[in-house]
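In case you want the letters, here they are:
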Amino acid sequence: MSMSSPAVEIVSTGRYLPDRIVTNDDLREFVDTNDEWIRTRTGIVTRRLAREDELAAEMAATASRIALERAGIAPDEVDAIILSTATPDRLLPSTACDLQALIAADRAMAFDVQAACSGWLYAMSMGEGYLAAGRAETVLVVATEKMSAILDWTDRTTCVLFGDGSGAAVLKRGDGSKGIVSSFHASDGRLAELLWRKSGGAKVPLTPERVAEREHLMLMSGREIFKNAVRSMAQACDEALERAGLTGDDIDLMIPHQANIRIIESTAKYAGIPMDKVYVNVDRYGNMSSASIPVALDEALEDGTIESGMKVLSATFGAGLTWGAMVWQF
Ligand code: COA
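Rules and cut-offs
Residues numbered from 1 in each chain as written. Predicted model: local features only at pLDDT ≥ 70, side-chain atom pairs only at ≥ 80, totals over all residues. Heavy atoms only, no water. Near = heavy atom within 4 Å. Polar contact = N/O pair within 3.5 Å; in protein donor to acceptor, adjacent residues only side chain to side chain. 1 Å grid on protein atoms, 1.4 Å probe; cavity = no way out; pocket = protein on both sides within 12 Å on 5 of 7 lines; lining within 4 Å. Sits in = over half its atoms within 2 Å of the grid points. Helix = DSSP H or I, 4+ residues; strand = E, 2+ residues; numbered from the N terminus. Phe/Tyr/Trp six-rings, centres within 6.5 Å; stacked < 30°, edge-to-face > 60°. Buried < 20%, exposed > 50% of the residue type's maximum accessible area, 1.4 Å probe, protein only. Expected span 1.5 Å × (residues − 1). Contact = heavy atoms within 4.5 Å. Points joined across faces, edges and corners; volume = space filled by probe spheres on them. Nonpolar A, V, L, I, M, F, W, Y, C, P; charged D, E, K, R; others polar.

### What about the site of the ligand?
Part 1 of the reasoning: In the region of the ligand, 21 residues are neighbours, and Thr-33, Arg-41, Arg-156, Arg-223 and Asn-260 sit closest.
Part 2 of the reasoning: For the ligand, an oxygen atom lies 2.8 Å from a polar atom in the side chain of Arg-223.
Part 3 of the reasoning: Here Asn-260 contributes a side-chain N or O atom positioned 2.6 Å from an oxygen atom of the ligand.
Part 4 of the reasoning: Here the ligand is seated within the second largest pocket.
Part 5 of the reasoning: Of all the elements in the fold, those that place two or more residues in the shell around the ligand are helix 1 (35–42), helix 6 (222–244) and helix 7 (261–271).

Right under this line is the structure:
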């Protein structure tokens, strides 16, 4: 079986990480935890946390400017901004519109995608669709997450796992030699309450009492999420590889969602990809939700881990539940 040829190219990428590095021991200021527990259960050593006044849109603007500059594309050449976030700066309007204003992408339509940790791969597929259909010439696909704003800093089962950051990519139609080869996306809303915010929104509006109960913050059933993550990412890898006409043996590098080293190891094992071909940065950044994959992709391109000619498999999983995978040819 021959590999399908990619219609849409990843022209450039960029990333932004807040300056503040927070160690596992630093978290003892908030919760009863320790470095050994966090390292062995998750692989996380440090994470970056945004300043209190730092906005998700501002982080996205820095990552986007870098990606646009590397592509030699002016902001007013962008036709569409598709921004993934589970932590919008406000509920209305979208963070994408704030980003549009910050970078002066004067001709771009802009909207948010909410698929939690899977959001950037979902957004990449949407960008690919606009370009392949001839509805846009240049698309900016961004993920930005200020997880620190929705964490319950008294809950040690969640607050130690996450970090803040942003990643961006510029997409254009290519010549068929490189870019997005295949993708697969799925969801199961019956499992919404495994990873959610109980209050806020029309269904359960915020009240002072609900805020006092911390219901506006993130809640997670860790063990259930773990099991579902491994199962779903394994399925997504199978589907995306099959659609690409490839097997795990053809893959030069895997960039999985960076939630937990044990989930990453199990997924790689299932996909038949040895750990020396898996890009890992969860140790440095924790889980940056949908920003994890574009930040890892940008680092892997910059540090030379990804070389021209390589085939890369990315897989993700998150609240919703949502999951997916994508194959890229570089
Ligand atoms: N520090 C120290 N102890 C902690 C702790 C922390 N930060 N968090 C939990 N514990 C304790 C628990 O209270 C529990 O103690 P108990 O046995 O006395 O009740 C013990 O550690 C074991 O907790 P458990 O939840 O069973 O641990 P686990 O091995 O399942 O690991 C996770 C917990 C969260 C690391 C793991 O379930 C996981 O990674 N799940 C997936 C989460 C995820 O990636 N979510 C995002 C998806 S996009």
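Following the structure, the description resumes.
### A look at the packing of aromatic side chains
Part 1 of the reasoning: Throughout the structure, instances matching the rule amount to four aromatic pairs.
Part 2 of the reasoning: Ring geometry for Phe-30 versus Trp-153: centroids 5.1 Å apart, planes at 50°, classification tilted. Taken as a pair, Phe-30 in the loop between strand 2 (20–23) and helix 1 and Trp-153 in the loop between strand 6 (139–146) and strand 7 (164–173) lie far apart in primary sequence, 123 residues in all.
Part 3 of the reasoning: For Trp-153, a relative accessible area of 19% corresponds to the buried category.

### Regarding helix 2 (residues 56–71)
Part 1 of the reasoning: In this model, helix 2 (16 residues) spans 23 Å end to end at C-alpha, consistent with the 22 Å of a helix rising 1.5 Å per residue.
Part 2 of the reasoning: Looking only at helix 2, the buried set comprises Ala-56, Ala-57, Met-59, Ala-60, Ala-61, Ala-63, Ser-64, Ala-67 and Leu-68.
Part 3 of the reasoning: Contacts from the buried residues of helix 2 go to strand 1 (8–16), strand 4 (80–84), helix 3 (95–103), strand 6 and strand 7.

### Things to note about the layout of surface pockets
Part 1 of the reasoning: Taken as a whole, the largest pocket encloses approximately 790 Å³ of empty space.
Part 2 of the reasoning: If you go around the largest pocket, you meet 27 residues; those closest to its centre are Gln-114, Trp-196, Arg-197, Lys-198 and Gly-200.
Part 3 of the reasoning: By volume, the second largest pocket is sized at about 690 Å³.
Part 4 of the reasoning: Taken together, 28 residues make up the lining of the second largest pocket; nearest its centre are Trp-37, Leu-161, Met-220, Gly-222 and Asn-260.
Part 5 of the reasoning: At the level of elements, helix 1, helix 6, helix 7 and strand 12 (311–318) are the ones that each hand at least two residues to the lining of the second largest pocket.
Part 6 of the reasoning: It is helix 6 that contributes the most residues to the lining of the second largest pocket, six residues altogether.
Part 7 of the reasoning: Class assignment for the residues of the lining of the second largest pocket results in 14 nonpolar, nine polar and five charged.

### Quick word on the environment of Asp-98
Part 1 of the reasoning: Tracing the sequence through the fold places Asp-98 in helix 3.
Part 2 of the reasoning: On the accessibility criterion, Asp-98 (19% relative accessible area) is buried.
Part 3 of the reasoning: Once the C-alpha coordinates of Asp-98 and Ala-56 are considered, the two residues, 42 residues apart in sequence, prove to be 9.4 Å apart.
Part 4 of the reasoning: Dropping the residues within four chain positions of it, Asp-98 is found in contact with Ala-57 and Arg-90.

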